[in-house]
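Breakdown of the fold
Here is what each chain is made of, one letter per residue.
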Amino acid sequence: MHALLRLGDDALVLAQRLGEWCGHAPALEEDIALTNIALDLIGQTQSYLSLAGSLDPDAPKTDDELAFLRSENEFKNLLLVEQTNGHFGDTIARQFLFDQYALLRAKHVAQQTYDLDAAAIATKAVKEIRYHAAHSSKWIIRLGDGTSESHSRIQKSINDLWAYTGEMFTADDVDIAGSIAGLLPDLSALKTQWDIEIDSVLAEAKLVRPQDGAMKTGGRMGIHTEALGTMLAEMQILPRTHPGASW
Amino acid sequence: MTDRSPSSLVKAVSRQLQDVMDPELTFLSVVDMGILRDVNFKNGHIVCVITPTYSGCPATEVISKDVLKAAREIDPDAEVEVVLSPAWTTDWISLEAREKMTANGIAPPEGSSHDKAFLTGDGHTIPCPICKSKETKLISPFGSTPCKASFTCNACLEPFEHFKCF
């Protein structure tokens, strides 16, 4: 259940962030692209959280209950995905770093046989994330290999977010147990593949890979940055104020 | 309906579902789209098996309700079962449906979903569904619904949508 919550929470929190771009993106096509990616992620969230909720040892929960009625410290998403949107380049940098990780992870989950329900969800997710990763990579290249202004701004975006990338590959008990069972990938092997993908796109974009410094972690334990609380307050206000409301 | 045998119910429901249209592509049925995977008879009632196209596609919910409503006109106890595996692919869209898409101004998916180049649109031309020119340009890999990309035709200058290979 904890492994599935991570998959669902990563998708949910990033989807909510991308949804904030609706009506605000620099071009109509990009407005549509970001919200389409959000929609795919919401779909993945519904599937993963429904499955996670059905396995809750206390009492089965629905995807909506998990999304709208948990507190900040019960969310197990990466700190990376909860970071605020910033400017368009910041959003694309966040998306790029996450997409490459999410694609590799989903490919593993799609192929494992420990949890076939999760495999079915991930098989679908792989097809979707492949489009997301292609899109964010192309933007990294366009901005990095663009004007001096776009180059320096996207470089800064990547530098700023780099401290959140270590958490993706920091294995804790859930990761280790999940990896032994087969459901989750071995994170050190995943990092090797992620490095190759990231380095290749950054090179084409004429961008410099930042040095690994102190990495920020805590999301997987429910210890989040300030950004998540305010995001959840907006996301959850309706079902918390009017329990059971429907339309 | 006088014949209530399982096989005749399955046949009748299958026929009925050919008229259930995709809410976002109203000229195509759920059968054309490959969304309806199976109709069978289980535990004394009809079960319609459907599969979602994209995980978050809002049409899936509507399709599920429409299929249930249509099936219950034949068998009041009919149920809908949503399965994720095997994952839906554009390879399941019938040839006839692809022709209907072109006729309705949507460029159908080209090639097979196993060909990675078709997924990204690199190195492949999507012909304009209006003037048939191959001088077209990808504007965005995303469009008005999760399944479509936005293109423009350099020959007739019309924008059009392409049903992505998936």
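Structure report, in brief. These numbers were taken from a predicted model, which means no experiment stands behind them.

A few points about the environment of E99 of chain B
When you line up the elements, E99 of chain B lands in helix α3 (residues 95–103). Between the C-alpha atoms of E99 of chain B and P129 of chain B, which are 30 residues apart in sequence, the distance is 9.9 Å.

Overview of the packing of helix α5 (residues 88–111) of chain A against helix α9 (residues 187–204) of chain A
All names here are of chain A. At their nearest, the axes of α5 and α9 sit 10 Å apart, and the two run at 135° to each other. The orientation of α5 relative to α9 falls into the category oblique. Along this stretch, α5 crosses α9, giving a crossing that reads as right-handed. Side by side, α5 and α9 meet where Q100, Y101, L104 and R105 of the first sit next to L190, Q193, W194, E197 and I198 of the second. Tallied by class, the residues present in the contact of α5 with α9 amount to 5 nonpolar, 2 polar and 2 charged.

A few points about the interface of chain B and chain A
Every contact between the two is made by 17 residues of chain B and, on the other side, 21 residues of chain A. Looking at the side of chain B that touches chain A, the elements with two or more residues in it are α4 (116–120) and β7 (136–140) of chain B. In the side of chain B that touches chain A, the residues fall into 10 nonpolar, 7 polar and no charged.

Some points on the sheet that holds strand β3 (residues 36–42) of chain B
All names here are of chain B. Overall, mixed pairing links the 3 strands, which are arranged β3-β4-β5 in an open sheet. What marks the edges here is a single partner per strand, and that holds for β3 and β5 (79–82). Each adjacent strand pair in this sheet contributes to an overall mean axis angle of 25°, direction not counted. Pairing of β3 with strand β4 (residues 45–50), which is carried by 6 bridges, proceeds in the antiparallel orientation. When the sheet's bridge partners are listed, F41 is paired in β4 with I46. In the packing of helix α2 (residues 59–72) onto the sheet, contacts are made with β3, β4 and β5, and the angle to β4 comes to roughly 155°.

Rules used in this analysis
- Residues numbered from 1 in each chain as written.
- Chains lettered and ligands numbered in written order.
- Predicted model: local features only at pLDDT ≥ 70, side-chain atom pairs only at ≥ 80, totals over all residues.
- Helix = DSSP H or I, 4+ residues; strand = E, 2+ residues; numbered from the N terminus.
- Axes fitted to C-alpha atoms, helices over the stretch in contact; angles between N-to-C directions.
- Parallel < 35°, antiparallel > 145°, perpendicular 65-115°, else oblique.
- Left-handed = near helix turned anticlockwise from the far one by under 90°.
- Contact = placed C-beta atoms within 7 Å.
- Nonpolar A, V, L, I, M, F, W, Y, C, P; charged D, E, K, R; others polar.
- Pairing = 2+ DSSP bridges.

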